[in-house]
Amino acid sequence: MTTMLRQVRTLVAAVWLGLVLTLAAVAAPVLFAGLERADAGRLAGHMFRIEALAALALAVVLFLAERRLAALRMQAGQGSVLSVNVLLVLGALFCTVLGYFALQPMMEAARAGQGRWSFGALHGFSSALFALKGLLLLALVWRGAGAH
């Protein structure tokens, strides 16, 4: 059971990481290289929306797997409920919630000339959160590959 949960955790984290890397390194650059800026931005926004919704589902699966693994470790007298892997999952989820669900509406308002911050500043912060999410997921996959 533990081996299967670890494998599921690593696979789900790898899928999520692959989605993040594909959007950041392939899809968004191709859109902006081949389309007018406004069209590329609109399509990229749709893709990032899909990733954000998928991230919510993937985070739930990862969190449940990690909680079960932590419970099994506790039953064996090792570890605690709050493991490094749980923190990595929660960190990636936080990056998604803040980066997409909080900043995206602010970016739309900034594009319309409203709000406190410029679109560029918000986009930069959102990009930094997306990169951080990728690093957190990379750490989770790396730890899973090492059977932590």
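Structure: above.
Fair warning: this is a prediction, and the values are worked out from it, not measured in the lab.

Calculation criteria
- Residues numbered from 1 in each chain as written.
- Predicted model: local features only at pLDDT ≥ 70, side-chain atom pairs only at ≥ 80, totals over all residues.
- Heavy atoms only, no water.
- Salt bridge = Lys/Arg side-chain N within 4 Å of Asp/Glu carboxyl O.
- Helix = DSSP H or I, 4+ residues; strand = E, 2+ residues; numbered from the N terminus.
- Buried < 20%, exposed > 50% of the residue type's maximum accessible area, 1.4 Å probe, protein only.
- Axes fitted to C-alpha atoms, helices over the stretch in contact; angles between N-to-C directions.
- Parallel < 35°, antiparallel > 145°, perpendicular 65-115°, else oblique.
- Left-handed = near helix turned anticlockwise from the far one by under 90°.
- Contact = heavy atoms within 4.5 Å.
- Nonpolar A, V, L, I, M, F, W, Y, C, P; charged D, E, K, R; others polar.
- Expected span 1.5 Å × (residues − 1).
- Phe/Tyr/Trp six-rings, centres within 6.5 Å; stacked < 30°, edge-to-face > 60°.

> An account of the pattern of salt bridges is needed here, citing residue identities and associated values.
Summed over the entire model, instances satisfying the criterion amount to four salt bridges. Of the charged contacts in the structure, one is a salt bridge between Glu66 and Arg9, with a shortest N-O distance of 3.1 Å. Taken as a pair, Glu66 in helix 2 (residues 37-75) and Arg9 in helix 1 (residues 2-34) lie far apart in primary sequence, 57 residues in all. Assigned by exposure class, Glu66 and Arg9 land together as buried. Across the pair Lys133 and Glu51 runs a salt bridge whose closest N-O atoms are separated by 2.9 Å. Placement of Lys133 in helix 4 (residues 119-145) and of Glu51 in helix 2 is noted, with a sequence separation of 82 residues between them.

> I'd love a proper account of the packing of helix 2 against helix 3 (residues 84-111), names of residues and values included.
A pair of packed helices is captured by two measures, namely the crossing angle of their axes and the spacing between those axes. Interaxial distance between helix 2 and helix 3 falls to 10 Å at its minimum, and their mutual angle equals 155°. With respect to helix 3, the element helix 2 is oriented roughly antiparallel. The handedness of the crossing between helix 2 and helix 3 comes out as left-handed. Taking contact as the criterion, the partners of Gly45, Phe48, Arg49, Ala52, Leu53, Ala55, Leu56, Ala59, Leu62, Phe63 and Glu66 in helix 2 are, on helix 3, Asn85, Val86, Val89, Leu90, Leu93, Thr96, Val97, Tyr100 and Phe101. When the residues that make up the contact of helix 2 with helix 3 are grouped by side-chain class, the tally is 15 nonpolar, three polar and two charged.

> Residue-level account of the environment of Ala112, with values.
Its location among the elements puts Ala112 in the loop between helix 3 and helix 4. The class of Ala112 is exposed, set by a relative accessible area of 55%. Sequence-wise, Ala112 and Leu23 are 89 residues apart; in three dimensions their C-alpha atoms are separated by 25 Å.

> So what's going on with helix 4? Which residues, and what values?
Relative to the 39 Å expected for 27 residues at 1.5 Å per residue, helix 4 spans 38 Å between its end C-alpha atoms, a close match to the ideal helical length. For helix 4, the full list of buried residues reads Leu122, Ser126, Leu129, Phe130, Lys133, Gly134, Leu136, Leu137, Leu140, Val141, Arg143 and Gly144. Against the buried residues of helix 4 lie helix 1, helix 2 and helix 3.

> Run through the packing of aromatic side chains, naming residues and quoting values.
The full count for this structure, using the stated rule, is two aromatic pairs. Ring centres of Phe48 and Phe130 lie 5.1 Å apart, and the angle between their planes is 85°; on these two criteria the pair is classed as edge-to-face. With Phe48 in helix 2 and Phe130 in helix 4, the pair connects residues that are 82 residues apart, well separated along the chain. Looking at Phe130, the relative accessible area reads 14%, which means it is buried. Summarising the aromatic geometry, the rings of Tyr100 and Phe101 are spaced 5.1 Å apart at their centres and angled 85° between planes, so their arrangement reads as edge-to-face. On the basis of relative accessible area, Tyr100 is assigned to the buried category, the value being 17%. For Phe101, a relative accessible area of 36% translates into the label partly exposed.

Read these as spatial facts, not as claims about activity.
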